[in-house]
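# Understanding the architecture of this molecule
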Amino acid sequence: MWEYLIRAVGLLAVWIAHHMPFDGQIRPLALMLVVAWLVVMYRLNTRVRYHLPVNLIMSLIFAGLFWLTLPSSAFLVQSTRVHVIIQGMLMYLVMSTGVCIFWNIIRDSRNRSLHIAKVANYDSLTNAKSYSLYQKDVTEIFATAKTSGSPLTMVALDVDHFKIVNDQYGHLAGNKVLIHVATTLRKTLRSYGEQYQVYRTGGEEFTIVMPNTDLHQALPIVTKCWNQVRHQSCPYDEQTIHVSISLGVAQLRETDTSIENVFKRADDSLYISKRNGRDAITVDGQTQQVNQRADTADTYAFFCSRRV
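The present account deals with the structure reproduced in this document. (Residues numbered from 1 in each chain as written. Predicted model: local features only at pLDDT ≥ 70, side-chain atom pairs only at ≥ 80, totals over all residues. Heavy atoms only, no water.)

### Some words on the pairing of strand S6 (residues 245-251)
- Within S6, 6 of the 7 residues are buried, which leaves the element mostly enclosed by the surrounding structure.
- Pairing between S6 and strand S7 (residues 280-283): 3 bridges, direction parallel. Counterpart to Gly-248 in the pairing with S7 is Thr-282.
- As a crossover connection, the stretch from S6 through helix H10 (residues 259-275) into S7 is left-handed. (Buried < 20%, exposed > 50% of the residue type's maximum accessible area, 1.4 Å probe, protein only. Helix = DSSP H or I, 4+ residues; strand = E, 2+ residues; numbered from the N terminus. Pairing = 2+ DSSP bridges. Right-handed = clockwise from strand over helix to strand, strands pointing away.)

Below, the structure is given as structure tokens:
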């Protein structure tokens, strides 16, 4: 808005500079029309900027407001007034068209760059952040945490019995489950702030990075993620797939020399959760939360129910 206001003031200054010297006053109606045009342009900014036909119409309106409201004294030779007005309006339309085309070139280039960045930084299936971006991010986050002395917590997790899903219901069902888990995790973490990110770091494996967060702060958030996945069933092909996840949690220590030290402890805790029957949260080797249902055995932890 501030950029547009600066441009609008500059445009009004040019308009006034071309009107006042000839009769010493500004025509209120003409000024009101120009101001109204500026307001409409602001409201329709994106439509005008990137759509050539709309841009030409709005440019024609402004060219008319500029040239047709000039006092007759502005023209040295009255017989050439019409020709000067037509020439001035055509020049403005040509310049406006060139600017519109340039804006579209810039937008297309930016969109291509954003698409390339999204392909590189986000998993195409789940829309979670990619493993390559994970490697870049965690290195920077680890360095920041070590320098500032701020806490850092990492969560390693994977989908329980994912192979059973693929074997019994096909890979499309498996893809649906992965999307469901990633979406649920992302939505849950977003409710706590933008600093918590989920990455897909393997087939059915995800990693959550929680900067500026210690174990005491992280555990309620991790528990919420665990519960949200368990309580939100995944629909597929007229069936309801009930999904659970196993998690391992670890915090940065002063003795850690790389982010891999933190991740290894989280990963070790993840496998303790899996050995304890899955569908559990283990923090630094100690299982904190575990599903107490009778169906937690390996062969029953996953089940589908037919939709009514």
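### Thoughts on the packing of aromatic side chains
- In this structure the tally under the stated criterion is 8 aromatic pairs.
- Arranged with centres 6.3 Å apart and planes meeting at 45°, the rings of Phe-62 and Phe-66 form a pair that is tilted. Of this pair, Phe-62 and Phe-66 both sit in helix H4 (residues 52-67), separated by 4 residues, roughly a single helical turn.
- Overall, the relative accessible area of 6% leaves Phe-62 in the buried class.
- The class for Phe-66 is buried, based on a relative accessible area of 11%.
- For the pair Tyr-131 and Tyr-134, a centre-to-centre distance of 5.8 Å together with 25° between the ring planes defines the contact as stacked. (Phe/Tyr/Trp six-rings, centres within 6.5 Å; stacked < 30°, edge-to-face > 60°.)

### Examining H4
- Given a rise of 1.5 Å per residue, 16 residues ought to cover 22 Å, and the 22 Å separating the end C-alpha atoms of H4 matches this to within 8%.
- Taken residue by residue, H4 has Asn-55, Met-58, Ser-59, Phe-62, Ala-63, Gly-64, Leu-65, Phe-66 and Trp-67 as its buried positions. (Expected span 1.5 Å × (residues − 1).)

### Considerations on the pattern of salt bridges
- A complete count under the given rule lists 7 salt bridges for this structure.
- Note that Asp-279 is salt-bridged to Arg-230, the shortest N-O span being 3.1 Å. One end of the pair, Asp-279, is in the loop between H10 and S7; the other, Arg-230, is in helix H9 (residues 215-231), and 49 residues separate them in sequence. In this structure, Asp-279 and Arg-230 share a single accessibility class: buried. (Salt bridge = Lys/Arg side-chain N within 4 Å of Asp/Glu carboxyl O.)

### Some thoughts on the packing of helix H2 (residues 28-43) against H4
- The contact between H2 and H4 brings their axes to 10 Å, and the two run at 165°. As far as their axial angle goes, H4 and H2 are roughly antiparallel. In this structure, H2 meets H4 at a crossing whose hand is left-handed. Seen from H2, the contacting residues are Leu-33, Val-34, Trp-37, Val-40 and Met-41; seen from H4, they are Met-58, Ile-61, Phe-62 and Leu-65. (Axes fitted to C-alpha atoms, helices over the stretch in contact; angles between N-to-C directions. Parallel < 35°, antiparallel > 145°, perpendicular 65-115°, else oblique. Left-handed = near helix turned anticlockwise from the far one by under 90°. Contact = heavy atoms within 4.5 Å.)

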